[in-house]
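Observations on chain architecture
Here's the letter readout for the chains.
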Amino acid sequence: AGESLGGRLDALNALVDAATEAASKSKHVYVLKFFGDVTASQVAQLRQEITAVLTSAEAEERADEVVLVLNTGGGTVTGYGLAASQLLRLKEAGLPLTICVEQVAASGGYMMACVADRLVASPFAVLGSIGVITEQPNVYERLKREGISFSTITAGKYKRTLTPTKKVDPLDEKKLKSDIEQVLKLFKGFVAQNRPSLDIDKIATGETWFGPDALERNMVDKLATVDEVLLDYVDKGAQVFGLKYTEKPPSPLAALGIGGSAGEAAPLAQLALSWLLARGRDGGGEGAAL
């Protein structure tokens, strides 16, 4: 009976080992999410997740891929430019990138989306808004009525153009218009380079389109939900992994300032230590340890 049980365990272990080996050799698909705000602050998390993928993925042996679930209406040029650059790291490493737009990829969001090797959007997702905008209120006339003057001293012809407190000057408006047109030129160039199949001059108008219209304009490759995309990978035998970077929460001792370099303990930590020592001298404690 003992030999029979041992044989069964050996067979079971062999099956587990075989399944583990097969799973390790099958394609891995890493799923990331980017639900962006105006400043693209989520790029801090995205860059860590991409680094994690790059350190574990195998582009050649397993033909691993990455899927990014994207939802954002765009925002700052610098923030979304950085986010798009992070996605380029995947392509430079030879990892195919599929981007799935669930609801919206507009302006800077489309800048990110166009990096994809395969761009998929749900039927009612909104895409586009390739354009640049800047606006600010001007209170110069109101301040003038109140008898308030605002002085700004600059060095450099264009150090300050339009400001909320300065009288509007047509030359300043012309300079700012020139600046944002230059940004649009860079935006259009980036989209055209990463998605050469579309007519950039026809879509870089600031307009947005729903999924079917975007597909007609070659702004996306396919209309489908992210669920369909992931199930298709599973049906083809791929291992699908969700990946999310989170910061390790600080320990209670760190909150007290304990555990840092010598001489940097916070006053609260010093008070806590003094209290514990006093209790020990008075016999009120039973051996507290930090």
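Counting restarts for each chain, with residues numbered from 1 along the sequence as it is written. In keeping with the predicted nature of the model, local features appear solely for residues at pLDDT of at least 70, side-chain atom pairs appear and are counted solely at 80 or more, and the whole-chain, interface and lining totals rest on all residues. The side-chain figures draw on all heavy atoms in the structure; neither hydrogens nor water molecules are used.

Attention shifts here to the overall build of the protein chain. Put simply, DSSP marks the helices as runs of H or I at least four residues long and the strands as runs of E at least two long, and each gets a number from the N terminus on. Looking only at helices and strands, one finds 11 helices and eight strands in the protein chain. Note on contacts: a residue pair is in contact if any heavy atoms of the two residues lie within 4.5 Å. Partitioning the intrachain contacts of the protein chain with sequence separation of at least 6 by distance along the chain shows that 70% fall at a separation of at least 24. Split by element, the accessible area of the protein chain, about 18,100 Å² in all, is 56% carbon and sulfur. In this description, accessible areas are obtained by the Shrake-Rupley approach with a 1.4 Å probe, and a residue is regarded as covered only by the protein chains that are shown.

Turning our eyes to something else, we now look at the side chain of Ser-26. For Ser-26, the position within the fold is in the loop between α1 (2–25) and β1 (28–35). The exposure class of Ser-26 is buried, given its relative accessible area of 14%. Think of it in three bands: residues with accessible area under 20% of the maximum for their type are buried, residues over 50% are exposed, and the middle band is partly exposed, with areas taken using a 1.4 Å probe on protein chains only.

With that out of the way, let us pick up the side chain of Ser-122. With respect to the helices and strands, the residue Ser-122 is situated in the loop between β4 (118–121) and β5 (126–128). Ignoring anything within four residues of it in the chain, the contact list for Ser-122 reads Val-101, Glu-102, Gln-103, Gly-211, Leu-223 and Ala-224.

So, about unusual backbone geometry. Even without being a glycine, Ala-40 presents a positive backbone phi close to 55°. By the element assignment, Ala-40 lies in the loop between β1 and α2 (43–56). Its identity as a non-glycine residue notwithstanding, Ser-129 has a phi of 55°, on the positive side. Within the secondary structure, Ser-129 is located in the loop between β5 and α5 (140–145).

Right, let's talk about the pattern of salt bridges for a bit. We define a salt bridge as a contact between a side-chain nitrogen of Lys or Arg and a carboxyl oxygen of Asp or Glu at a distance within 4 Å. Considering all chains together, one arrives at 11 salt bridges under this definition. For the salt bridge of Lys-166 with Asp-172, the shortest nitrogen-to-oxygen distance reads 3.0 Å. Owing to a relative accessible area of 33%, Lys-166 belongs among the partly exposed residues under this scheme. Linking Lys-175 and Asp-179 is a salt bridge whose minimum nitrogen-to-oxygen distance equals 2.6 Å.

Moving on, we come to α2. In an α-helix there are 3.6 residues to a turn, and that puts residues three or four apart on one side. Expected helix span is taken as 1.5 Å per residue step, with the number of steps being one fewer than the number of residues. In this model, α2 (14 residues) spans 20 Å end to end at C-alpha, consistent with the 20 Å of a helix rising 1.5 Å per residue. Looking at the packing, one finds that the buried side of α2 touches β1, β2 (65–72), α3 (77–92) and α4 (108–113).

We now examine α3. With 16 residues, α3 ought to run about 22 Å at 1.5 Å a step, and its terminal C-alpha atoms sit 22 Å apart, in line with that. Every buried residue belonging to α3 is among Gly-79, Tyr-80, Ala-83, Ala-84, Gln-86, Leu-87 and Leu-90, and all of these are buried. The arc enclosing the buried residues of α3, seen along the axis, measures out at 150°, which places them on a common side. Facing away from the buried side of α3, by more than 90 degrees, are the exposed residues Thr-78 and Glu-92. Looking at the buried residues of α3, the elements they touch are β1, α2, β2, β3 (97–106), α4 and α6 (170–194). Looking one or two residues beyond α3, the residue adopting positive phi is Gly-94, at roughly 85°. Picture the helix axis, draw a direction to every C-beta atom, and the arc is the one those directions span.

Mapped onto the elements, Thr-72 comes out in strand β2. Sequence separation between Thr-72 and Val-101 is 29 residues; the distance between their C-alpha atoms is 8.9 Å. Among all residues touching Thr-72, those that are not within four sequence positions of it are Gly-36, Asp-37, Tyr-80, Val-104, Ala-105, Ala-106 and Gly-109. Definition of a polar contact: a pair of N or O atoms within 3.5 Å, with one able to donate and the other able to accept a hydrogen when the atoms are protein atoms, and with sequence-neighbouring residues admitted only if both atoms are side-chain atoms. Within the local environment of Thr-72, its side chain forms a polar contact with the side chain of Tyr-80, the two groups lying 2.5 Å apart.

All right, on to the nonpolar core then. The nonpolar side chains of a soluble globular protein tend to be buried, and buried together. Definition of nonpolar core: a set of buried residues of the types Ala, Val, Leu, Ile, Met, Phe, Trp, Tyr and Cys, connected through side-chain atoms within 4.5 Å. Grouped together as the largest cluster of nonpolar side chains are 45 residues, with contacts concentrated most on Phe-34, Leu-68, Leu-87, Ile-99, Tyr-110, Met-112 and Leu-127. It is α3 that contributes the most residues to this core, five residues altogether. Among residues more than four places away in sequence, those in contact with Leu-68 are Leu-32, Lys-33, Phe-34, Leu-46, Leu-87, Leu-97, Thr-98, Ile-99, Cys-100 and Met-112. By size, the runner-up hydrophobic cluster in this structure holds 11 residues, among which are Val-29, Val-69, Ala-224 and Val-229.

So, about the pairing of β1. Within β1, six of the eight residues are buried, which leaves the element mostly enclosed by the surrounding structure. For two strands to pair, DSSP has to find at least two bridges joining them. With four bridges connecting them, β1 and strand β8 (residues 239–242) associate as parallel partners. Its bridge partner being in β8, His-28 is matched across the sheet by Gln-239. Bridge analysis of β1 against β2 gives seven bridges, and the strand direction is parallel. Pairing of Phe-34 across the sheet is with Leu-70, part of β2.

This next bit is on the confidence of the model for the protein chain. Mean pLDDT for the protein chain: 86, with 78% of residues reaching 70 or above. Here pLDDT means the predictor's own confidence in every residue, given as a number from 0 to 100. For the stretch residues 284–290, pLDDT sits under 50, and the model shows five contacts to residues farther than four places along the chain or on other chains.

This paragraph deals with the packing of aromatic side chains. Only rings of Phe, Tyr and Trp enter the pairing, Trp through its six-membered ring, and a pair is recorded when the two centres are within 6.5 Å. The plane angle decides the type: under 30 degrees is stacked, over 60 is edge-to-face, the rest tilted. Tallied over the full model, the rule gives two aromatic pairs. A ring is scored as having a charge over it whenever the NZ atom of a lysine or the CZ atom of an arginine sits within 6 Å of its centre and within 35 degrees of its normal. For the cation-ring pair, Lys-175 lies above Tyr-158, with the distance from its terminal atom to the ring centre recorded as 4.9 Å.

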